[in-house]
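Residue-level structural notes
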Amino acid sequence: MRVCRSKADGGDFIVVSAYLPYDSITPPPGPCLEMIVEFCEKECTPLIIGTDSNSHHIIWNSSNINLRGEQLIQFLMKSNLMVMNSGRKPTFVNANREECLDITIASCELSELIHSWRVTDLETFSDHRLIKFCLRGNFPNKEPFRNPRKTNWNLYRAWLRSKLENVDHKDRYQSVEELEKANREITSAIVEAYKLSCPLISPKPLYRNSAWSNDLEKQKKELRKAWNKAGKKGRDQEKNKALHRALLKDYNQAQAELKEKCKRKFFEEADSIPAYARVHKILAKDPTVQVGSLLKPDGNYTADSKDTVEHLLKVHFRLH
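Below is a short write-up of the structure. (Residues numbered from 1 in each chain as written. Predicted model: local features only at pLDDT ≥ 70, side-chain atom pairs only at ≥ 80, totals over all residues. Heavy atoms only, no water.)

In spatial order, the strands read S1-S2-S3-S7-S4; together these five strands make up an open sheet with mixed pairing. The sheet terminates laterally at strand S1 (2-8) and strand S4 (81-83), the two strands that pair on one side only. Each neighbouring strand pair of the sheet contributes to a mean axis angle of 20°, computed without reference to strand direction. In this sheet, strand S2 (residues 11-19) lies alongside S1 in antiparallel orientation, the contact comprising seven bridges. Paired with Arg-5 across the two strands is Ile-14, which belongs to S2. (Pairing = 2+ DSSP bridges. Helix = DSSP H or I, 4+ residues; strand = E, 2+ residues; numbered from the N terminus. Axes fitted to C-alpha atoms, helices over the stretch in contact; angles between N-to-C directions.)

Have a look at this one:
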């Protein structure tokens, strides 16, 4: 399960990606997702859930209704959540069957802002099809920023020195006005020198993937070509399907190996730095990550960012 908090012009909302195991002994959606829904209801925070439900119900256009589907529908009705699926296109397709198992769920306040929900034909290298939808609203853009650690200090000192030469220095200022004027000129020189020696940096893409390589990109292109050929009927269709399955297996294995290599490298680097810096490194790995609500030992979630930080300090640094 993955949970993130996002912002729009209407305020914060929470997005959840969840897998509901078909062999779970507890009825769907399960205790973890139930706690998230309860938290959002308590905090009046809108919620979007994308889930592989492993549940059947005609509400999301499954071929039949099973017990898990009935249990999930009862929970959604009790929690005032809406199913956003539309159309009859299956979300799960393999060699044996086609079914609608993947559901998009939203709270009432967000359901009116979701439109153009659809199942695409894009290759996902999985039995599950890619689902897309649009969410109305204005989302904040990442503004360019300056990183003080990237400052060219030699340039800063040289530029500041040349600017301060033009400032009228006095051993004693006769009035408040003269002192304020000198303060404005020096402050302006410092700011101008800093801006010149530390240029603006454009934010990196939101969804950059560090576990990627040129070889994987080539494999992905070949796999997409094989998938297109496998979908065309003809005497070579079975041969093309077998080729697609072989390429998919190689692609998944190469991707898993690269992810494991990146993870191993990351933890090796993290082990060489202090614990507090290690936490910062983990959070800074993805520029979109922010510390949100954490589950405390008493079963409750942290209420705000201050509560979250205090909980982290207490757990990792044993502050009393």
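Further remarks concern the pattern of salt bridges. Applying the stated criterion across every chain yields a total of three salt bridges. Put simply, Asp-121 and Lys-89 hold a salt bridge, and the shortest N to O gap is 2.8 Å. Placement of Asp-121 in the loop between strand S8 (114-119) and strand S9 (131-135) and of Lys-89 in the loop between S4 and strand S5 (92-93) is noted, with a sequence separation of 32 residues between them. On the basis of relative accessibility, which here comes to 37%, the residue Lys-89 falls in the partly exposed class. Glu-192 is the partner of Lys-163 in a salt bridge, and the nearest nitrogen-oxygen pair spans 3.5 Å. Taken as a pair, Lys-163 in helix H4 (residues 153-164) and Glu-192 in helix H5 (residues 176-197) lie far apart in primary sequence, 29 residues in all. Here Lys-163 falls in the partly exposed class, since its relative accessible area comes to 28%. Using a relative accessible area of 35% as the deciding quantity, one classes Glu-192 as partly exposed. (Salt bridge = Lys/Arg side-chain N within 4 Å of Asp/Glu carboxyl O. Buried < 20%, exposed > 50% of the residue type's maximum accessible area, 1.4 Å probe, protein only.)

Any functional reading would require information that these geometric values do not contain.
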